Each structure stands twice: as C-alpha cells, then as structure tokens.
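# Breakdown of the fold
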Amino acid sequence: MLAMILKRLLVAIPSLIGVVIITFLLTRALPGDPAAYFAGPAATQEAIAQVRAKLGLDQPLPTQFMRYAADLARGDLGTSLTTGQPVATEIRNRLPASAELTLLGLIISVLIAVPLGILAATRPGSLVDHACRVLTTAGVSLPVFFTGLILVYVFYYLLGFAPAPLGRLDVFFSAPEAITGFYLLDSLIARDLETFRAALAQLLLPALTLAIFSLAPIARMTRASMLAVLASDFVRTARANGLTPFTVVVTYAFRNAMLPVVTTLGMVFSFLLGANVLVEKVFAWPGIGSYAVEALIASDFAPVQGFVLTMAALYVALNLVIDILYGLIDPRVRIEA
Amino acid sequence: MKRRDFLKSMTAVAAGSALPAAPAVFSPARAQSRQETLLIVSESGPNNIDIHGVGTNVPGYEVSWNCYDRLISHGMKTVGGVPYYDRDKFKMELADDMSVGDMSATFKLKKKATFQDGTPVTAKDVKWSLDRAVTVGGFPTFQMKAGSLEKPEQFVVVDDNTVRVDFLRKDRLTIPDLAVIVPAIYNSGLVKKNATEKDPWGMEYTKQNTAGSGAYRVVKWTAGTEVVMERNDNWIGGPLPKIKRVIWRMVPSAGNRRALLERGDADISYELPNKDFVELKDAGKLNITSVPFSNGCQYLGMNVTKPPFDNIKVRQAVAYAIPYQKIVDAVLFGLGKPLYGATSEPPLAWPVAHKFTTDIAKARALMAEAGHPEGFDTTLSFDLGFATVNEPLCVLVQESLAQIGIKCTINKIPGATWRTELNKKTLPLYTNVFSGWLDYPEYFFFWCYHGANSIFNTMSYQSKEMDAFIDGARAAAASGDTATYDKDVKGFLDTAFTDIPRIPLFQPYSNVAMQKNVSGYQYWFHRRLDYRSMVKA
Amino acid sequence: MTPLTFRRDEPAARTSGLLAVVKHGRYVIGENPVTGFAFALFVVIVFAAVFGPYVVPYDPLASDTAAALKGPSAAHWFGTDQLGRDVFSRVVVATRLDFVIALASVALVFAMGGLAGVAAGFFGGWTDRIVGRLADTIMAFPLFVLAMGIVAALGNTVQNIVIATAIVNFPLYARIARSEANIRRDAGFVMAARLSGNGEFRILLAHILPNIMPIMIVQMSLTMGYAILNAAGLSFIGLGVRPPTAEWGIMVAEGAAFMVSGEWWIAFFPGLALMVAVFCFNLLGDGLRDIVDPQRRT
C-alpha cells in the first residue's frame, strides 16, 4: 500500500513541475509591468527601473526562474505586491474560508442531488426522471455569478432574509479562535452559538449558489450508478425475496451505488474550490479564489503562482485520497500507478 | 447526546439562521459599540499603510492621513454647503507656530505632543521623517519635489522643539506641499528600532504598523478584507474625534455596497457608480454629498507626435464631434460639471470650460480641410479599472466619431497595465483623469502640458509658447507679480484650447453617501475620508 | 423488469449505419420529449445566430440616450440599457457571437485534444505518455484561473477566448478519445484494414477516427455549453470581448450594477438567453448520447 502511494506521488511530480513552469511563464507573459504599477502614478523611468531591480524583475527569465524555484524549495512562495503580505500566510488564512464555503455548498448539493438521483433511477423515463434532468441541467446552465447576484438581490435586498453579503462574519462579530479555520466548527468548539449562527447565515447564500451549480454531476452519477446496481443480480434476488421496494433501494442498492458517487464528489470538490472565484467575488468572500483573480488582474505574480501551485497540490492529494478510499471500500479495486 | 437530540438542536440552529440576522443577534454590548463605530465600505483597501512605501495605493493614503500628523494642515471653508478644505488657509497640527521668512520657514512643535507609544515628538523626529520622504524615492520623493523640497539639508533641527525648512528656490508650492499627506511625522525612535541594515528607513515595519502621533492607529489589518482603527485618546492635533473605532471593509461589488447602505448596514461609502448616487439622493434616505474634483478633469487625449492627430485640424474636428451633453447625462447621470461650450473668456482658474460644442457639420468640414474627408481608423483606449464611466463614455465617443468617418476600435486596458501603456505614450486616442493635490492652474499645466514632457503630458505635447506661459506663471506666482501671472495663465489656457492636444470632457464629482445619523464629512484635496471630523448620532 | 434492460436489448446504434441512427434518433426523441424540446431550442438558436442581425427591430449598437434605462415595453420588449440601446436586439444579435465562440472553441479542442487522444490511444508508448502527461498537467490547474491567465496574457480578443477555452477542455477530449481509440486498436475492422495493406496513419484517420466521431460529437455538444459559460465568466471579470460588441456574458456583467437599483432587465434577459443556450446544448448532448450510445445513458 505504502509503496503504491509513493509510486503515485512520484508519478505526480512531473505534473507539478509542469504546473510550476507553465504558471511561471504565463505570469511573465502578462501584459502589466508590476514595476510601473507599484512605482506609482508619478514615477519616472529611473524610479520604475529602481523598483524593477528591487523586485528582481530586471534579471533574465532563467535567472528569475532559478531564484523562484530556489525560494519554492525552501517553502517560500514570495510576497504579494498588492496586499504586501507573504503569499504562504495569505493562502493559509484564506484556504479555510474557501474550503468551508465549498464543503457546505457540496453538502447542500448532496442533500438535494442524491435523493433526486435515486428518485430518477427508480422511475427511469418517467416524468420525475425528466423533471430531475431538466432541473439539474438548468442549475449547471446558470453562470454562477448570475445566480449569486440574483440570490443577493432577492434574499438580501428585496426580502431581507439573508445578512449583508460582506464576507464570513457580520462586522460586529469577531472571528472565533482559529482551531480548524472553519468558523462553523471553531464557534461550536468555543460554544459560541451566536457566532455560529452569524457565520452560518453568511455562508448560506454563497453555498447555495455553489450547490445549484454542482447538482447536475452528482445527481447524474447517482442516477447512473443506481440504475446499474438496480439491474444487478443481487437486487433482483432481494426483490424476489419479497423485500419492500424501499428496503431494496435504500439498504441494498444505495450502499453499493455510492462508490462512484464518492469519486464524483471528490472531483466536484476540487473543481469547485478552483471555480468558485466568481462566487467569492460576488459575495466579497475572503477566499483564495478572489485572491488569485485580483492578483491576476494586477499582474501580481507571486499570489497567482502560489494559488495555482496550491490548487495543483490539493488536486493531486485529493485524487490520491480518493483512490486510497476506493481501495479500502472496495478491495477489488487496486491502486494503479 | 443522543442522535435524535443532536438532530433536533441542529434543526433549531438552522431555522434560527434563516431569520433576519442583523439586529436580533446583537447583544446589548454589541449595540453599544455600534454607536461609537464608523463602518465604511469601499471597493478596495490599502496594500501598505505607510504612504512612503513602495507602491502604496490610494486607499493606503487614507490610513496615513488619519493615523499620522503633519506639521500643518488646512482650514475649512464651505463650497456648495459642504465643508471644503481651504487652499489658502493653514492650520497648525503638530506645529504650534509657523513663521515663514524669505528663504525659510520655522516651525515650533506643540509642547505636549506625544507619539502613540507615549514618547514625545521632537524636532529630530520631524527631520528624520522629512529626510525619509525626500530620500526613499518613488512617489513620496516625487511629491516633495513638486514643492521644491528635495534634499535632507533643507531640514534643520534648531532645538529640541524647533525645526527650520530652508527653501531651495522661491516656490509658491513649498508651504502647501508640507500640508499634503506625504510629509507625515514618524516616531523615529520606534521605526529605527525596527529598521535593518538592508532597510534603514524601517519601511517593512511601517508597512504593517502605524508609528505616528495621529488621531487613529491601526489595530487590525487583513489585506483585501478589512482595516480596523481605534482612536488615540491622547491626540493633540485637534479636538478629540467623536468616533472611537473605524471599521473599513472592502466590498468589491458596487451593487452590494449600495444595498448595504440602503439597508442601513454600512455607515458611509464612496466609489459608487454615479447612477446609484443620484438615485440614493432622490430616495432621500441617505445624506449624499457631491463636490467637483479640485484641480482635475476627465479628458480625451491625442498623441500629437504621430498622424493623424499631429494635425491641429483633426484635433479640432474631434473636439467638435464629442457628444458632451450626452456624456454628462447618460454616463454621469448629471454628476459632473460640463466643460464645453464656453461663450465668454475663461476665468483664470482650472479646470474651466472650452469653447467647443457638439457640431458635426463643422467637424466634417475640418476633417475635409485636414485632408481626411473619408476619415481614418484608430484605437480608443480606456482604463478598465474605471469601466463604469469609461466604457459607456467610449461607446458614445466611438459612435459620434463614426459620423465624421473616424472608425475607432475600443481597447480596454486592465488597471495594472494602464499606467505602463500610458507611459509609453504610444496610444493614439484615449480617455483618462488627472487631478493634482495642489490646486493651482500652473501646477496642473506644468505636469500636463509643459515641454519638459513629464509622464502626465500623455499627449507628448510640445510648444515653445506654452512653455513660456507656464514658466512665466510659475515665476510670477513665486514673486507675487499678479499682473504677469494673470496674463500668463490666460495665455496657457488659450493655447491649450486652440491647439487642443487634450479635450477636457467634464469635471468629475467626488461623491460620498452616508446614513442620516452620520455627519461631519469634509472634502479634502486627496478626496479620501477624514475620520477626525466625523460624528455619528 | 426495469425499462433499462429493454434499452439494453437494442442493437448498438453505431454499428448499424446512418439510417439506423436516424431511426433510433426519432425513437429517442419520441421517447424523450425533453430531447425534442432541446432540439427545437437548438433550431431557434441557430436561426437567431444566422438571421438575427436581419430581423431585430433596432440597431444593437445605436445609442439613444433619451430612451435610456426604460423597462420592458411594447417598443422595447426587453427594455433598454444605460445608453438607450435595445436589449432585445442586443440579446438576439449576440447569439451569433456566442455561438461562434462556442463552436470555434469546440472545433479547436477537437482538433487538438481529440486527435492527440486518438493518436495516444492508438499508438500507445511515448505518444501516449506525452499526451497523458500534458493532460494531467492541465487537469492539475484550477481551470477557470488558467483560462483567465491565458486571456490576460494573450490579450482579450474573441480569438484568445476561444483558444483559452479550448486549452482548458483539452484533457477531457484527450482522455475520451484515447480510451475510445484504445478499445478499438485491435478490433476486427482495424485488423482487416491492416491486413489489406493500410498504413497506420491511414487506419487512424480513415477507420478509427470516424468510428469514435459519434462519441466525440456528444462531448462537443456538452462542452459547447461550458464554452459559453466560460466566456461569460471571463467577461464578468473584465476579460471579455471589446465594447460595444453585444455578448451575453458582458451584458450580464454590465447589467449587474443596475440590478440593485431595480433595472433588472439589463442583466436578466442576457442571463436568461445564456442559460437557455447552455441548457439547450446540455440537454442536446444528453439526447445525442442516448442516440449514439444507449448503454452509456446517465
């Protein structure tokens, strides 16, 4: 097992190196000149040259890359020019915000999509099946920023049910002591229900936005995998033995159908974590996505590189974890390098 | 806990969170703190809280303005019902007394002045701070130079309590330049303690920490998210501010900022689209102030070094083809001062209206005279960072220019790249805003029209006549020769409007929206908020 | 007995020639009204894309500041925007551009990813390893940010949006094409072609590729929707097409600022058009999959 994991990690290394190189080149190809930008509106050519030298941007590309790689090897992701903070610290602070949002979105999505998928699978071709398909497809067809804007407009501005879209907590609350970095968990640990409620209220709309977008893949996978299982011999046996349809579907079929769904969940999570940049922008969410977008617009190299690398590493790790889990759940599946 | 109980409590929590969240959840202590707290929302926040820093952005200036003191500041007057800084009236901040001689000015410090850590403010701190401003390079040094403050030798410690600033040359802008944001006074002892060999001016420390004697200090700063400032109860720069705590949150979406204001969650906001300000004003639920930018205007610039805009007839044709009123109405929703269609001689000030109007027939005739009866193709560029105004503006200009045969491709340039592109001085046609801190016409013209070709002369405009007028006005201002000054100002205004290398479009308004219970807003040359005068009822 | 087994008894459509496909298609549409609906929508979209500019009531670019920000009415069905342009005309005219962006990016990714994948699956060895590695590397990127980076670096033109969208979809196409080609590389008809003296490249292009086309077409229909969403997202953060060009994403982004003040129609209708188009491509993709490959239906 351990050997397998090591082998898998070794295989992932070339991909990560590829990511590092491509990101480096891509950021250098951005049209903005960080030196001119950060030298301020009144800077002379000399002042810009000074800033450029200070930032090490006057060196040839290979030299810059070697320096970057050396820093990277020491775990130093550089410093953001726009926010003035070390990239590693900011990513560490912002990752829980994105992860908490994405996870909650995924949980909501699962709560809706899995029952829908099962329902559709038990009556394929029926009206329910078509309705389910139309509903989930409609969700994935909406641009997330549009969904987010409409939710804010309706639930905050018109109805007043939701709190102001101002990030993770209302201004007059202070964040719970950071243990997990997830406000929901931290506030529960601190037994501060008031903060818990406030944090949850902030989370609901953006999480819902993400959930609507991620219904489709989960519902589809549930449906497909349920269909396959329902057609299998052991289900037929169970039915033949006179078990109620409910017991058959929930106890027998569902458990066995969950495996591909779990895989899909992993993929959806890693996709959403990177894709919720637009949601974060709409809800002023202090996550890593909005951080990366702003850095990209400002031609701020270090955060973009740090963000992409973090996401790539997470992607590799997540895939590995899924494969291992898969192997544990179903011994017939072996991890292949 | 049994599973069922747990589920029950979870449902209760979930149900509770669906209720209107804001006021109900405040415990009494939180409601109390809300009254003494000013909640500001704006699009972007500081990247550095020291204005001397490398590349400190404009939101960073606001922190510096409120957390540091200068020797002197400005008094107030009233313009259109709004308290407005008085260019010609100085008030003492850290200084107790200022005496201006022929070639120097002497400042006596307030005796009781202390920094926020309790150490007294001395003349040494003042000299160190001013030395720092003229030495570190970049924007602060540039701004000091605008007032002929260039060398550390100019700042002399007379005694513990007295500083003398020697003038390099006679310059009307020297004293006003000591009242801008840059010459802030730093706690030199504290900063030096945190300086390193590589960083002798302690820039890394002041980037994250305030080290001044100002009315507020930063207690928490999460870059891109929020800045929390608390009042310095020992401030001696003026009357003790009423606001104890300032929370400044960054909300990127303008729609959300407006919603926050309308629902009463935020106390004050600026940087909203003009339309929102107009509607909020009409709705009457909020206090809205709109003040024209001092010393600034939005303009359409043309590169005069290259065809076709090297031809004065083409430039005049363009000036006759701009839909000025449409821009003010549809783009600005009326929140801008028109700068076109003057029927009399311009007053000797800046910005002032020029004589062009929208006259397509005249524009066509000029195009024919210029040898372009069929028109030509060009590119119209704008800064995406200000797309709310720039994009509709450029679309209107594009449409209007098409009528005289000029076919523009619109080129939107991201904020980060804008400065670089503009500095190259190769954009043929573009729109931009320039406004100076020091509100003097000759200051504006020196940067924007003088043949010395500063980076703000984005058109690369060169004219011997113009240079003579500008230099003449500067010299006359320094020596107090009013007659020559007036003649030269008239001269450069006339030349600028005849040669028309850049077409002033309108004077933008600085708009601020605040709750009815918030008062005390003052307009400053830097157009950022001064928390010290704000009051929340 | 579940209906699924009934479907499984159907002969696989791809082996029975064009006529059978059409027949089966008619059957699936009859069986599945949603696909029929999607197909009808598709016809409307194509109509708007082809004839839109000739049938709209107003010039989509002409401003009329006197009629700015008016709500939906008989004169302006979808209202007018900040400059008084007719939102209905802009939404209809934008169809062509969005359709072209989607089509072009899908064609491009098919040319890159599809061919690379087929080659990888068919030849195996080093080709396979290089294509696989490339796909893995792209997959490891957060895809939207990669697309943003590409457009920001190359400049925001329609062409670069197409390229970025294609690159982002590369791994998907490469993988599908690879596995499909891999299954067939030793199939009977390939053996037969080889025995009758065809070169490997010829077999790849003339025998393998046509065989996996149906599955690729399904994929293309599904990614058309994604391409439109991607372009809209890029527009939303300011990296979209040049103004004053009408494009759904940029119209939503511009209209978003007006939503809070009650002028919902500026963002709503382009958003709706966007959703309907993506929705249509997605359903159509599903439907096509039913036609092409009944067993894979999900």
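Just above, that's the structure.
Bear in mind the structure is a predicted one, so any value in this text is a computation, not a measurement. (Residues numbered from 1 in each chain as written. Chains lettered and ligands numbered in written order. Predicted model: local features only at pLDDT ≥ 70, side-chain atom pairs only at ≥ 80, totals over all residues. Heavy atoms only, no water.)

### What to know about the pairing of strand 15 (residues 376-383) of chain B
All names here are of chain B. Most of strand 15 sits out of view: 6 of its 8 residues are buried. One ladder, built from 8 bridges, connects strand 15 with strand 16 (residues 406-413); its direction is parallel. Across the sheet, the residue bridging to Asp377 is Lys407, located in strand 16. Regarding the hand of the β-α-β motif, the stretch spanning strand 15, helix 14 (residues 387-402) and strand 16 is right-handed. Note that strand 15 and strand 17 (residues 429-435) share 2 bridges and pair parallel. From the neighbouring strand, Leu380 faces strand 17, where its bridge partner is Leu429. (Buried < 20%, exposed > 50% of the residue type's maximum accessible area, 1.4 Å probe, protein only. Helix = DSSP H or I, 4+ residues; strand = E, 2+ residues; numbered from the N terminus. Pairing = 2+ DSSP bridges. Right-handed = clockwise from strand over helix to strand, strands pointing away.)

### Observations concerning the sheet that holds strand 6 (residues 155-159) of chain B
Picture the strands of a sheet paired through backbone hydrogen bonds; they go either parallel or antiparallel. Residue and element names in this part refer to chain B. As summarised here, the arrangement of the 4 strands in space is 4-5-7-6, forming an open sheet in which the pairing is antiparallel. The open sheet has two free edges, formed respectively by strand 4 (95-100) and strand 6, since each of these has just one partner strand. Taking each pair of neighbouring strands and ignoring which way they run, the sheet shows an average axis angle of 20°. Where strand 6 and strand 7 (residues 162-166) come together, 4 bridges link them in antiparallel fashion. If you follow Asp159 over to strand 7, its bridge partner there is Thr162. Packed on one face of the sheet, helix 4 (residues 123-135) meets strand 5 (104-109), strand 6 and strand 7 and runs near 180° to strand 6. (Axes fitted to C-alpha atoms, helices over the stretch in contact; angles between N-to-C directions. Contact = heavy atoms within 4.5 Å.)

### Some words on the packing of helix 3 (residues 33-55) of chain C against helix 11 (residues 265-292) of chain C
Residues and elements named next belong to chain C. Running from N to C, helix 3 and helix 11 cross one another at 130°; their axes reach a closest spacing of 8 Å. Overall, the two elements helix 3 and helix 11 adopt an arrangement that is oblique. Every pair of crossing elements has a handedness; the one defined by helix 3 and helix 11 is left-handed. Seen from helix 3, the contacting residues are Val34, Thr35, Phe37, Ala38, Phe39, Leu41, Phe42 and Ile45; seen from helix 11, they are Val276, Ala277, Phe279, Cys280, Phe281, Leu283, Leu284 and Gly287. (Parallel < 35°, antiparallel > 145°, perpendicular 65-115°, else oblique. Left-handed = near helix turned anticlockwise from the far one by under 90°.)

### Focus on the environment of Gly45(B)
Residue and element names in this part refer to chain B. Mapped onto the secondary structure, Gly45 falls in the loop between strand 1 (37-42) and helix 3 (58-67). Distance in space between the C-alpha atoms of Gly45 and Tyr84 is 24 Å, their sequence separation being 39 residues. Excluding its chain neighbours within four sequence positions, the residues that come into contact with Gly45 are Asn57, Pro59 and Met250.

### Considerations on helix 5 (residues 125-140) of chain C
An α-helix turns once per 3.6 residues; consequently, residues spaced three or four apart project the same way. Here helix 5 of chain C spans 22 Å end to end across 16 residues, near enough to the 22 Å set by a 1.5 Å rise per residue. Within helix 5 of chain C the residues assigned to the buried category are Asp128(C), Val131(C), Ala135(C), Thr137(C), Ile138(C) and Ala140(C). (Expected span 1.5 Å × (residues − 1).)

### Examining the side chain of Ser104(B)
Tracing the sequence through the fold places Ser104(B) in strand 5. Excluding residues within four positions of it along the chain, Ser104(B) makes contact with Ser99(B), Arg164(B), Val165(B), Asp166(B) and Phe167(B).

### Digging into the interface of chain C and chain A
Listed per partner, the contact involves 47 residues of chain C and 48 residues of chain A. Summing both sides of the interface, chain C and chain A together bury roughly 4,400 Å²; the carbon and sulfur share of this comes to 77%. Our count for the contact surface shared by chain C and chain A stands at 0 salt bridges. The interface formed by chain C and chain A contains 4 residue pairs in polar contact (both at pLDDT 80 or more). Taken together, the elements giving at least two residues each to the side of chain C that touches chain A come down to helix 1 (3-8), helix 3, helix 5, helix 6 (143-154), helix 9 (200-236), helix 10 (248-259) and helix 11 of chain C. If one sorts the elements of the side of chain C that touches chain A by residue count, helix 11 of chain C sits on top with 13 residues. (Buried area = accessible area lost by both parts, 1.4 Å probe. Salt bridge = Lys/Arg side-chain N within 4 Å of Asp/Glu carboxyl O. Polar contact = N/O pair within 3.5 Å; in protein donor to acceptor, adjacent residues only side chain to side chain.)

### With respect to the interface of chain B and chain C
Residue-level contacts link 23 residues of chain B with 21 residues of chain C. Roughly 1,800 Å² of surface becomes buried between chain B and chain C when both sides are summed, with 58% attributable to carbon and sulfur atoms. The interface formed by chain B and chain C holds 1 salt bridge in total. Among the salt bridges present, the one from Glu263(C) reaches Lys275(B), with a minimum N-O distance of 2.6 Å. Applying the counting rule to chain B against chain C returns 6 residue pairs in polar contact (both at pLDDT 80 or more). Elements with a minimum of two residues in the side of chain B that touches chain C: helix 9 (254-262), helix 10 (274-283), helix 12 (324-331), helix 14 and strand 16 of chain B. Broken down by element, the side of chain B that touches chain C gets its largest block of residues, 6 residues, from helix 14 of chain B.

### Focus on the packing of helix 1 (residues 2-29) of chain A against helix 4 (residues 61-73) of chain A
Residue and element names in this part refer to chain A. The geometry of helix 1 relative to helix 4 is characterised by a closest axis approach of 11 Å and an angle of 130° between their N-to-C directions. In terms of their interaxial angle, helix 1 and helix 4 are classed as oblique. By crossing handedness, the relation of helix 1 to helix 4 is classed as right-handed. Contacts from Val20, Ile21, Phe24 and Arg28 of helix 1 reach helix 4 at Leu61, Gln64, Phe65, Tyr68 and Leu72. Its residues assigned to classes, the contact of helix 1 with helix 4 shows 7 nonpolar, 1 polar and 1 charged. (Nonpolar A, V, L, I, M, F, W, Y, C, P; charged D, E, K, R; others polar.)

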